[in-house]
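One-letter residues, chain by chain:
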Amino acid sequence: QVQLVESGGGLVQAGVSLRLSCAASGRTFSTYALGWFRQAPGKEREFVTGVNCCGGTTYYANSVKGRFTISRDDAKNTVYLQMNSLKHEDTAVYYCGARPGVVTTRPTDYEYWGQGTRVTVSS
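Residues numbered from 1 in each chain as written. Predicted model: local features only at pLDDT ≥ 70, side-chain atom pairs only at ≥ 80, totals over all residues. Heavy atoms only, no water.

Chemist: Would you take a moment to explain the sheet that holds strand 8 (residues 78-83) for this structure?
Modeler: The strands making up a sheet associate through hydrogen bonds between their backbones, and the pairing can be parallel or antiparallel. An order of 1-3-8-7 is seen for the 4 strands of this open sheet, with the pairing classed as antiparallel. Single-partner strands in this sheet number two, and they are strand 1 (4-7) and strand 7 (68-73). Adjacent strand axes in the sheet meet at a mean angle of 15° when their direction is disregarded. Here strand 3 (residues 18-24) runs beside strand 8; their pairing, made up of 6 bridges, is antiparallel. (Pairing = 2+ DSSP bridges. Helix = DSSP H or I, 4+ residues; strand = E, 2+ residues; numbered from the N terminus. Axes fitted to C-alpha atoms, helices over the stretch in contact; angles between N-to-C directions.)

Encoded structure:
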């Protein structure tokens, strides 16, 4: 079993930066693909960004590319989401997910999830 816990969300003004963290249990963390997803009210959960294991490829949704950066620290079993130039449309609950294998954009592909952390960007 793997447990994931997100933190770092909050209420911020448009244009500022925020960093989310996702701390994981488990020795196998370093072999998992990791992703950040978000879910706005009334909408389905959507892919934001992901990173493969072992110094592998990163992926970004077009809506966040150039503004958000995913990184992982396997020694700390933690994945981060650095969010810059936040927009009102970034408002959502942000979830981290983990799965064996490689990054995909489908939420149902991910085996483990955190509880989510809420990001609200005021306009």
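Chemist: Looking at this structure, how should I read the pattern of salt bridges?
Modeler: Pairing of side chains with opposite charge becomes possible as their charged atoms draw close. For the structure on display, the rule yields 5 salt bridges. We note a salt bridge from Asp74 to Arg72, for which the minimum N-O separation is 2.9 Å. Owing to a relative accessible area of 29%, Asp74 belongs among the partly exposed residues under this scheme. Across the pair Arg106 and Asp109 runs a salt bridge whose closest N-O atoms are separated by 2.8 Å. Classification of Asp109 as partly exposed rests on a relative accessible area of 24%. (Salt bridge = Lys/Arg side-chain N within 4 Å of Asp/Glu carboxyl O. Buried < 20%, exposed > 50% of the residue type's maximum accessible area, 1.4 Å probe, protein only.)

Chemist: Quick question: what am I supposed to make of the environment of Gly26 here?
Modeler: Its location among the elements puts Gly26 in the loop between strand 3 and strand 4 (32-39). Note on Gly26: relative accessible area 31%, which makes it partly exposed.

Chemist: Help me understand the nonpolar core, please; the structure alone is not making it clear to me.
Modeler: As a rule of thumb, soluble globular proteins bury nonpolar side chains together. Grouped together as the largest cluster of nonpolar side chains are 28 residues, with contacts concentrated most on Leu4, Leu20, Trp36, Phe68, Met83 and Tyr94. Elements with a contribution of two residues or more to this core: strand 3, strand 4, strand 5 (46-51), strand 7, strand 8, strand 9 (92-100) and strand 11 (117-122). Ignoring any residue separated from it by four or fewer positions in sequence, one finds Leu4 in contact with Cys22, Ala23, Ala24, Cys96, Gly97, Ala98, Tyr112, Trp113, Gly114 and Gln115. Residues Ala33, Phe47, Val103 and Tyr110 belong to the second largest nonpolar core, which totals 5 residues. (Core = buried A, V, L, I, M, F, W, Y, C linked by side-chain atoms within 4.5 Å. Contact = heavy atoms within 4.5 Å.)

Chemist: Just checking my understanding: could you explain the environment of Thr104 for this structure?
Modeler: Among the structural elements, Thr104 can be located in the loop between strand 9 and strand 10 (112-113). Sequence separation of Thr104 and Leu34 is 70 residues, and the distance between their C-alpha atoms is 9.3 Å. Setting aside residues up to four positions removed in sequence, Thr104 forms contacts with Phe37, Phe47, Arg99, Asp109 and Tyr110.

Chemist: I tried to follow the packing of aromatic side chains on my own but got confused; where do I start?
Modeler: A ring pair, where both rings are aromatic, is described by two values, the distance of the centres and the angle of the planes. In the structure shown here, the tally under the stated rule is 5 aromatic pairs. Aromatic pair Tyr32 and Tyr112: ring centres 6.0 Å apart, planes at 55°, arrangement tilted. Here Tyr32 is found in strand 4, whereas its partner Tyr112 is found in strand 10, with 80 residues between them in sequence. Seen in terms of ring centroids, Phe37 and Tyr110 are 5.0 Å apart; in terms of plane orientation they differ by 75°. Their pairing is edge-to-face. Here Phe37 is found in strand 4, whereas its partner Tyr110 is found in the loop between strand 9 and strand 10, with 73 residues between them in sequence. Here the two residues Phe37 and Tyr110 agree in accessibility, since each one is buried. Three or more aromatic residues joined by ring pairs make a cluster, and in this case those are Phe37, Phe47, Tyr110 and Trp113. (Phe/Tyr/Trp six-rings, centres within 6.5 Å; stacked < 30°, edge-to-face > 60°.)

Chemist: Sorry if this is basic, but what is going on with the pairing of strand 1 here?
Modeler: Each regular strand displays side chains that alternate between the two surfaces of the sheet. Where burial is concerned, the two faces of strand 1 differ: the one with Leu4 and Glu6 is buried and the one with Val5 and Ser7 is not. In the sheet, strand 1 pairs with strand 3 via 4 bridges, with the strands oriented antiparallel. Within the sheet, the bridge partner assigned to Leu4 lies in strand 3 and is Ala24.

The quantities given are spatial measurements derived from coordinates; they are silent on function.
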